[in-house]
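Okay, here's what each chain looks like letter by letter:
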Amino acid sequence: MLDALLKRPHRKTLLPYGKQWIEMEDIAAVVEVLKSDYVTQGPQIERFERVLARKVGASFGVAFCNGTAALHAACFAAGIGEGDEVITSPLTFLASSNCVLYMGGRPVFADVDPNTYNIDPLEIEQKISSRTKAIIPVDFTGQPAKMDRIKKIAKKHNLVIIEDAAHALGALYKGRPVGSLADMTMFSFHPVKHITTGEGGMIVTDNEAFYRRLLLFRNHGMTRDPQQLMKTDGPWYYEMQALGFNYRMTDLQAALGLVQLERLSDFVERRREIARRYNEFFSQLPGLIVPWQHTDTSSSWHLYVLRWAEDYFSADRKQIFEALRDEQIGVNVHYIPVYKQPYYQQIGYNQVTCRHAEAYYANAISIPIFPKMSDSDVEDVLAAIYRIYYRFSIK
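Treat the numbers as computed from the prediction; the structure is a model and nothing was measured.

### Comments concerning the overall build of the chain
Then, in step 1: From N to C terminus, the chain includes 14 helices and 15 strands.
Then, in step 2: Burial status across the chain gives 55% buried among its 395 residues.
Then, in step 3: When contacts within the chain are restricted to residue pairs at least 6 apart in sequence, long-range pairs at least 24 apart make up 73% of them.
Then, in step 4: Surface summary for the chain: the accessible area is close to 17400 Å², and the carbon and sulfur share equals 51%.
Then, in step 5: For the chain, the distance from the average position of its 45 positive side-chain charges to the average position of its 45 negative side-chain charges is 2 Å.

Structural data, given as structure tokens:
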């Protein structure tokens, strides 16, 4: 079989690491909204919020124009302010910590577990100070963080948990859906995620006070709710009660999300099928480190990350990466530790070191995984990686 992979023809077109799956029913749902009275601020948004919240076991959902806006709103709802500290992972997209900066707070980076690449609860405890207000664990690649341990820490220190589950819609932790575990949980609907609304995000929560503050924040800090108004001049009356933003989702996006949500289980199962095929194959190749999965979790596999042990190969990560791109495999790297970014270096993070996160970053490569991949696409990935492995292996 391995010889056959070496002889398999090279791809002619680039296979991306992630991609949306749009069908005619998705298009029809958007067209129906375009023909309706509301293309934004209409009934589809509330319906999408209600259906998704119920699916993940939460009482409330609040949709936003993107996941970053949703995280910003969650920090507002949690009361993050000037001088407050929020502990999060360095292995994440910039939004997980930027949302704290937006509120005048300070992100504190705790190192990751070297096996799961998720934030390490022991590291969280070591980073807690009198200024700590919240924890933002990240469900990296789709594998949930150790939420039981994190919840115990949060309860002990009276901290809010904002779970960044941008990668983890459809994932389970100890049999419970992600979305039912934290004080607030953020999902992303970017095209490479499990379902898409083009751009979009949502916070789900069981806390009604958080829910009300999230609604306020996404709409300029403005409310028309009679129960929240300080006075009223008439039925037209509204009040701006906080400094919010225009972070609203449109009905066009929500309609697309509703149809996509109907196929979520199929999308996640296909990701798991591809991951099982990858695990089976790559486990045979010494020097390739496959993603380790904790027995308490069932990942929804937003990303599949292979690590290339340096002492097994004559090439470095950059050469391997470029060789795979030459094979038309759209590999990527997720992520550069956030504190390494020039902006963070300039604002006081130049002395921060998270050794496990940096060791991960030194040899990690994300390979394609998305539901619309055909079996032939999967075999193309295996063949390309085996060719590069065979070319550069020194053992």
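### Here we look at the pattern of salt bridges
Side-chain pairs of opposite charge can arise whenever the charged atoms involved come near each other.
Then, in step 1: With the rule as written, the count across this model stands at 20 salt bridges.
Then, in step 2: Here Asp380 and Arg8 are joined by a salt bridge, their closest N and O atoms 2.7 Å apart. Within this pair, whereas Asp380 is found in helix H14 (residues 375–392), its partner Arg8 is found in the loop between helix H1 (2–7) and helix H2 (24–34), the two being separated by 372 residues in sequence.
Then, in step 3: Residue Arg8 is classed as partly exposed on the basis of its relative accessible area, which comes to 24%.
Then, in step 4: In this structure, Arg212 engages Glu208 in a salt bridge whose closest nitrogen and oxygen atoms are separated by 3.2 Å. Placement of both Arg212 and Glu208 in helix H8 (residues 208–218) is noted, with a separation of four residues, approximately one turn of the helix.
Then, in step 5: Residue Arg212 is classed as partly exposed on the basis of its relative accessible area of 31%.
Then, in step 6: For Glu208, a relative accessible area of 43% gives the class partly exposed.
Then, in step 7: What emerges from the salt-bridge pattern is a single network uniting Arg8, Arg11, Asp377 and Asp380.

### So, the layout of surface pockets
Then, in step 1: In this model, the largest pocket occupies a volume close to 680 Å³.
Then, in step 2: Around the largest pocket, the lining is made up of 22 residues, and of these Glu46, Glu49, Tyr211, Leu215 and Arg218 lie nearest the centre.
Then, in step 3: For the lining of the largest pocket, the elements supplying multiple residues, two or more each, are helix H3 (43–55), strand E1 (60–64), H8 and strand E10 (222–223).
Then, in step 4: By residue number, the principal contributor to the lining of the largest pocket is H8, which donates five residues.
Then, in step 5: Counted by class, the lining of the largest pocket contains seven nonpolar, seven polar and eight charged residues.
Then, in step 6: Along its surface, the second largest pocket is lined by 23 residues, and Phe93, Ser188, His190, Lys193 and Tyr335 are the ones closest to its centre.
Then, in step 7: Only helix H4 (67–77), helix H5 (95–102) and strand E8 (184–188) provide two or more residues apiece to the lining of the second largest pocket.

### Focus: the UniProt feature "modified residue: N6-(pyridoxal phosphate)lysine" (unreviewed entry) in the chain
Then, in step 1: Cross-referencing UniProt, the feature "modified residue: N6-(pyridoxal phosphate)lysine" (unreviewed entry) maps to Lys193 in the present numbering.
Then, in step 2: Mapped onto the elements, Lys193 comes out in the loop between E8 and strand E9 (201–205).
Then, in step 3: The exposure class of Lys193 is buried, given its relative accessible area of 14%.
Then, in step 4: In contact with Lys193, other than residues within four places in its own chain, are Ala166, His167, Ser188, Arg271 and His302.
Then, in step 5: Of note is the side chain of Lys193, whose polar atom sits 3.5 Å from the side chain of Ser188.

### Things to note about helix H9 (residues 251–261)
Then, in step 1: Most of H9 is tucked away: 10 of the 11 residues are buried.
Then, in step 2: Restricting attention to buried positions, one finds in H9 the residues Asp251, Gln253, Ala254, Ala255, Leu256, Gly257, Leu258, Val259, Gln260 and Leu261.
Then, in step 3: The inward-facing, buried residues of H9 abut H2, H3 and helix H10 (264–282).

What counts, and at which threshold
Residues numbered from 1 in each chain as written. Predicted model: local features only at pLDDT ≥ 70, side-chain atom pairs only at ≥ 80, totals over all residues. Heavy atoms only, no water. Helix = DSSP H or I, 4+ residues; strand = E, 2+ residues; numbered from the N terminus. Buried < 20%, exposed > 50% of the residue type's maximum accessible area, 1.4 Å probe, protein only. Contact = heavy atoms within 4.5 Å. Areas by Shrake-Rupley, 256 points an atom, 1.4 Å probe, with all protein chains shown as cover. Lys, Arg positive; Asp, Glu negative; His and termini not counted. Charge placed at Lys NZ, Arg CZ, Asp CG, Glu CD. Salt bridge = Lys/Arg side-chain N within 4 Å of Asp/Glu carboxyl O. 1 Å grid on protein atoms, 1.4 Å probe; cavity = no way out; pocket = protein on both sides within 12 Å on 5 of 7 lines; lining within 4 Å. Points joined across faces, edges and corners; volume = space filled by probe spheres on them. Nonpolar A, V, L, I, M, F, W, Y, C, P; charged D, E, K, R; others polar. UniProt positions renumbered as here; feature names shortened; annotations may be inferred. Polar contact = N/O pair within 3.5 Å; in protein donor to acceptor, adjacent residues only side chain to side chain.

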